[in-house]
Amino acid sequence: MDLNNIYMSNFYLRTESIKQEDILTLSVLNDNDKDIISALISPEPCLLEGSRGTGKSFLMRVAELKIENERKNSAAIFVSFNISSLINTSDKLQFYHWMLAKTLKSLLNTLRKKGLAVSKHSAGLLSNDDSENETKIENDLKHIVKSFENSYKGGININLETLPDIEDVKDAIENICRDNKLERIYIFFDEAAHVFRPEQQRQFFSLYKDLRSPYITCNAAIYPGVTYFGDSFEPIHDCIFKKLDRNIKEADYIDYFKNIVFNQAERGLKDAIQNNITLFITLALSCGGNPRILLKTIQDLQKFNLSSVNQLIKEFYRGKIWAEHTELGEKYKGHRILIDWGRDFLENNVVPAIEKYNSTRKDKDIKESSIYFWIHKDAPETVKESLRLLTYTGIIRKVDSSVRATRAELGNRYEVKYGCIIALQSSPAAESEIFFNSLSLKKFPEFGKNHPSYIPIRELTDTVEDESTFKESLENMLKKPIFVLQLLTNWQKEKLNEAGVITLDDLHTNTETDLIDKIYNVGPVRARLMKNAANAELLEYLSG
Amino acid sequence: MDIKEYFEKINAESQQIFLCTIEEYSESIGKAHHYSACILDFSEYIFDKNEINMLCTVSSQLESATLNLTLGLYRQAFSSLRLAFEMALGTVYFSIHKLEHFEWLNGRADIKWAKLIDKDNGVLSSRFASAFFQELSPFIDDYNERASKLYRTLSEFVHGNNETWTKSGIQLKLNSVLIFNYFSQLAEISDIILFTLSCRYLKLIPQDELDTMDFISSQFNHIEPIRILLGGPK
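Residues numbered from 1 in each chain as written. Chains lettered and ligands numbered in written order. Predicted model: local features only at pLDDT ≥ 70, side-chain atom pairs only at ≥ 80, totals over all residues.

**A closer look at unusual backbone geometry**
Residues and elements named next belong to chain A. The phi torsion at Arg407 lies on the positive side, around 55°, for a residue other than glycine. Mapped onto the elements, Arg407 comes out in the loop between strand 7 (396-404) and strand 8 (410-416). Of note, Asn521 is a non-glycine position whose phi angle comes to about 80°, a positive value. Among the structural elements, Asn521 can be located in the loop between helix 24 (512-518) and helix 25 (524-539). (Helix = DSSP H or I, 4+ residues; strand = E, 2+ residues; numbered from the N terminus.)

**Considerations on the environment of A:Lys72**
Residue and element names in this part refer to chain A. Mapping Lys72 onto the fold places it in the loop between helix 3 (56-70) and strand 2 (74-80). Residue class for Lys72 comes out partly exposed when judged on the 13 C-beta atoms lying within 10 Å of it. Considered as a pair, Lys72 and Lys114 are 42 residues apart in the sequence and their alpha carbons are 9.7 Å apart. (Buried ≥ 20, exposed ≤ 12 C-beta atoms within 10 Å, placed from the backbone.)

**Some points on the pairing of strand 8 of chain A**
All names here are of chain A. The element strand 8 is extensively covered by neighbouring structure, given that five of its seven residues are classed as buried. For strand 6 (residues 372-376) and strand 8, the ladder comprises five bridges, and the chain directions are antiparallel. Residue Tyr372 lies in a different strand from strand 8, and its bridge partner there is Glu415. Sheet analysis places strand 7 next to strand 8, joined by six bridges and oriented antiparallel. Within strand 8, the residue paired with Lys398 across the bridge is Tyr414. (Pairing = 2+ DSSP bridges.)

**What to know about the interface of chain A and chain B**
It is common to give the size of an interface as the accessible area lost on bringing the parts into contact. Contacts between chain A and chain B engage 25 residues on the former and 29 residues on the latter. Secondary structure elements with two or more residues in the side of chain A that touches chain B: helix 4 (92-113) and helix 5 (120-126) of chain A. Here the side of chain A that touches chain B gets five residues from one element, more than from any other, and that element is helix 4 of chain A. (Contact = placed C-beta atoms within 7 Å.)

**Quick word on the packing of helix 2 (residues 31-40) of chain A against helix 3 of chain A**
Residues and elements named next belong to chain A. As a packed pair, helix 2 and helix 3 sit with axes 9 Å apart at the nearest point and diverge in direction by 55°. Regarding the angle of helix 2 to helix 3, the classification is oblique. Seen from above, helix 2 lies across helix 3 with right-handed handedness. Residues Asp33, Ile36, Ile37 and Leu40 of helix 2 touch helix 3, and the partners they reach there are Leu59, Met60, Val62, Ala63 and Lys66. In terms of residue class, the contact of helix 2 with helix 3 is built from seven nonpolar, no polar and two charged. (Axes fitted to C-alpha atoms, helices over the stretch in contact; angles between N-to-C directions. Parallel < 35°, antiparallel > 145°, perpendicular 65-115°, else oblique. Left-handed = near helix turned anticlockwise from the far one by under 90°. Nonpolar A, V, L, I, M, F, W, Y, C, P; charged D, E, K, R; others polar.)

**Focus: the domain arrangement of chain A**
Residue and element names in this part refer to chain A. Splitting chain A by domain gives domain 1 (22-124 + 133-243), domain 2 (322-455) and domain 3 (467-539). Taken together, the contact pairs seven residues of domain 1 with nine residues of domain 2. Considering only residue class, the side of domain 1 that touches domain 2 consists of three nonpolar, three polar and one charged. (Domains from an automatic or database assignment.)

**A look at the sheet that holds strand 3 (residues 184-190) of chain A**
All names here are of chain A. If you walk across this open sheet you meet the five strands as 2-3-4-1-5, and the pairing is parallel. A strand with exactly one partner marks an edge of an open sheet, and here the two such strands are strand 2 and strand 5 (240-243). Going from strand to strand, the sheet's axes swing by 15° on average, the running direction of each strand aside. Sheet topology note: the strand 2/strand 3 ladder contains seven bridges and is parallel. Counterpart to Phe78 in the pairing with strand 3 is Phe188.

**Examining the pairing of strand 3 of chain A**
As a general feature of sheets, a regular strand has side chains that alternate between the two faces. All names here are of chain A. Of all seven residues making up strand 3, six are buried, and the element is well covered by its neighbours. One ladder, built from five bridges, connects strand 3 with strand 4 (residues 216-222); its direction is parallel. Each bridged residue has a counterpart across the sheet, and for Tyr186 the counterpart in strand 4 is Thr217.

Dropping the structure here:
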């Protein structure tokens, strides 16, 4: 039997495809994962941020099972807001009630499974006793759910004052806990913000915060770059904020990913991997810490040999990997220009710059290589936003900020997914080992604050496809006085006011050059700072 | 001891088993109740009154199976389980064979397991899936096999195969092995019943009503076509 011919075609690529009872068998946990799980089962609410496919849902499922198995005096509920079921309303309150109703329904299901609630209908099948007390829990919650559902279904006019409010819901949950000696109910919101429009996301985080109670802990999985918290929620203050990142430089990185694959692989594939471990290492590094991408690339391999791995890495990391990023433009239409610009910037500027950097050193036989790049801290806000959007798929990862570069300038350092850089080599798998061993975090091409590639999106107005829709969706924001901008000093705000720049709209419509011309003592640096402060505020609301 | 005292004694023993079982297995009993409630919940999405009635019977059979179990009447528990299983798949079968359904209602026909499980024309056949929920075809063979195997195991209790007497014993006595088997078989039966119902009806249910079927999405989130139909991720 040719072991190299054996490939795996039925890996679980999504946690949703795994049966609950199989989760623990498939789980591989490193120290960071364990730390995240501890946070998820702690009484404090926790947000778990990670790019697509990094395993957020999986860790939440593990935490849910841990609570189920080890904490009999707690209950864990898992809530997924499905796209097709998404209520289509612009009424904030209705949307809030819809989310609450969905959450309470999941709670009812869990209570029923735990034997803490009895279905009134089922109970009536065998028993003649129709006692209300027997089914109190279910009735209380069902009544609340029904009231909410009626409020957003069928356009019936409902007196909002008669509806249960969040305090009634919390009271009901607290009663359930007290009656059943439950210490706590953990709510896990999966893909919480992802299916929502930005405005709905802000509503979600408001609910997330409102649900705070001594009996309730809310946890949610979110994506970097595309999550909008709104004014009332501050991730750093209102919860524990955990990031799911796996650094390819960590000592246990390869073993960790090998275990993940081996937990799902059949014997033939395991043998093939053992016999070609350097190929596996290349694939594992290429995925840049993303288990789904690793499993998918191994699954798509025709054979586990050098030429197949090379071909796959080139096809996947040069082209296919961009599909998800480009799709983002469909969902966040207000950000489409920034999303597309980000891809162009990476493909036409960053990656070639890194490649040039690497090939120059290779030619000179200098043992240094890079997958990193640096952006000046005062680059236009639109550029930063575009880079943030690229972290959604994990094509780039922000390594750190305030890093000194040439002339001691400060900026942010990013990592491009290893696969995207190694894919440029003629034989990625053959060259990966030397390349990886000479990788240095200190080596990176730099992009200053006014790099020519920024020109197409330098002004926020450049990124707006439809000015009237933009004005409409940002109406309230644009009316705000510039005094709300915390990034500006009072002196700067006063100077702006003196020059007739009163509202965010005024600041938005003035270009950097306008500001330099109008305000004495304001040069390119301050003009950029002022524009960035306004744009940072407005960009969040660009997609509604 | 007269007959009254004799039965009071048996009842006392049975009550002892009852108390121990509901104390030690409350969570499993909760899950069993959840499953029977799910079947009842599903019936709320169906239009045909006779089919709804049958599903109500299925749900109450599952409840009475568990009641038998708590009383230590294990053989009766397994028999009720099989009856519920047969009747649930029978409901789906009758939903596409109305003539036979009415004959059954009039007492002139039986539910025949062999017909229900037939690999070519039964309710767990590729033909069936292709007609009602094409994307579930790849899952059908596995479900058919599991259903057949489970039915055979349960039938051993109903027919009183010798081995089952040694397993369940004749005297009333708490039997943790049988309790374990019961709950795992009930979970599997419920899974098969809900899958068959999903295969038959889900695509006919309007989207806004699918939205309210949280009990189905939590049961079958791992089955991609069902997950996607209910709006979950691909």
